[in-house]
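Next come the chains, spelled out residue by residue.
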Amino acid sequence: MINNLETLEGLLYFAVRAPSGHNSQPWKFLIRENEIEIHPDFDRALPVVDPAHRELFISLGCAAENLCIAAAQYGYSARWTLQKSPKEQYFIKVSLDEFAPIGEHPLFEFIEKRQTNRSVYSGREVAETSIRQLLELPREEHIGVYFFPSGSPEFTRIRAYVLRGNRIQMTDKAFKKELLEWIRFNAKQVGKTMDGLTYRVMGSPPLPKSLGKWIVRSFLNPKTQNKSDEEKINSSSHFLMITTAGNTTKEWVAAGVYLERLLLKMTAMGIANAYLNPPCELPELAKELRDLLPINGALPTLILRLGYADPLPYSPRRTVGEVLIN
């Protein structure tokens, strides 16, 4: 039974360090006698870029993996299962067994250090030995992972689809409006919301909200976005692609669990990473890319670029009290 408030707050502190689209933090937690439930917070969903809630449930899977890893530090073994509420809504149940003889998880210390690094990378190559270590991480059978090195035909194809996806999204007024709503332009905004894409993470100076929106809006166009992304892609060593056999909530959660495992291992290895997901977010592009790449007919679910870079400022997180269901 979780009867220690310090333990509870500790577990959830690490759970909410998970990544999420636009740093929207779309999760709520319900505490029961020997389990923690992770529920989607649809008030924080991204209906334009993520209309089916695929990326939302991937984020919940990442939070579940952090929770399971942190549990060992607090003397628990943990396992997750996907459940349905009486209202037919999916949520994740993490069951805890007290005082399991597990010990500290080797990835635990990297939960706080993990970050999405959107900068231009150094151009240094990630060694094949490092890629093999990442491939050794356990994953469920229906989750696939592929590494495509810079200069390979697959890398070139993915780059073309990222740029094509940008051209579609950056001419979509609804997409740009949603993105702008999650950008935090100054410290006052950050302190008020403790979420979103902050000016520091994006490498921008602090600005009044109205001025910041006007400036950023002027940059949200295909030409500017593609110029920026091409520079970043060209500085990267590999594309990493995670695939799912189908398009189900269970697969999305399992992909998130595995994603977080990969992200923490890459953090431990000093490998920077950032998402380039337009080809996965646009179904017509995802289907085309599935047929063009050697990924066993699976669906492209996530795309990241890998390389080496100096750390950036960290994204804010809401407090444990703000994410608890009373």
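Let me begin by describing the structure that accompanies this report.

Quick look at the sheet that holds strand E4 (residues 90-98)
Strand order across the open sheet formed by 4 strands is E1-E2-E4-E3, with antiparallel pairing between neighbours. Pairing within the sheet leaves two strands with one partner each, and these edge strands are strand E1 (27-31) and strand E3 (76-84). The average undirected angle you get between the axes of adjacent strands in this sheet is 25°. One ladder, built from 9 bridges, connects E3 with E4; its direction is antiparallel. Counterpart to Arg79 in the pairing with E4 is Ser95.

Observations concerning the environment of Leu211
Topologically, Leu211 is positioned in helix H7 (residues 209-219). Take Leu211: its relative accessible area is 37%, and that puts it in the partly exposed class. Measuring from C-alpha to C-alpha, the distance between Leu211 and Phe185 comes to 8.9 Å, with 26 residues separating the pair along the chain.

Some points on empty space enclosed by the protein
Applying the stated criterion across every chain, the model contains 1 cavity of 30 Å³ or more. There is about 60 Å³ of room inside the largest cavity. Looking at the lining of the largest cavity residue by residue, the classes come out as 4 nonpolar, 4 polar and 3 charged.

Looking at the sheet that holds strand E8 (residues 238-244)
If you trace the 4 strands from one edge of the open sheet to the other, you get E5-E8-E10-E9, paired in antiparallel fashion. Two strands close off the open sheet at either side, each with one partner strand: strand E5 (143-149) and strand E9 (272-275). Taking each pair of neighbouring strands and ignoring which way they run, the sheet shows an average axis angle of 25°. On top of the sheet, helix H9 (residues 249-269) reaches E5, E8, E9 and strand E10 (299-307); it is set at about 155° to E8, its chief contact. Against the sheet, helix H11 (residues 283-292) engages E8 and E10, with an angle of about 80° to E10.

Quick notes on the rules
- Residues numbered from 1 in each chain as written.
- Predicted model: local features only at pLDDT ≥ 70, side-chain atom pairs only at ≥ 80, totals over all residues.
- Heavy atoms only, no water.
- Pairing = 2+ DSSP bridges.
- Helix = DSSP H or I, 4+ residues; strand = E, 2+ residues; numbered from the N terminus.
- Axes fitted to C-alpha atoms, helices over the stretch in contact; angles between N-to-C directions.
- Buried < 20%, exposed > 50% of the residue type's maximum accessible area, 1.4 Å probe, protein only.
- 1 Å grid on protein atoms, 1.4 Å probe; cavity = no way out; pocket = protein on both sides within 12 Å on 5 of 7 lines; lining within 4 Å.
- Points joined across faces, edges and corners; volume = space filled by probe spheres on them.
- Nonpolar A, V, L, I, M, F, W, Y, C, P; charged D, E, K, R; others polar.
- Contact = heavy atoms within 4.5 Å.

What is shown is where atoms sit, not what they do.
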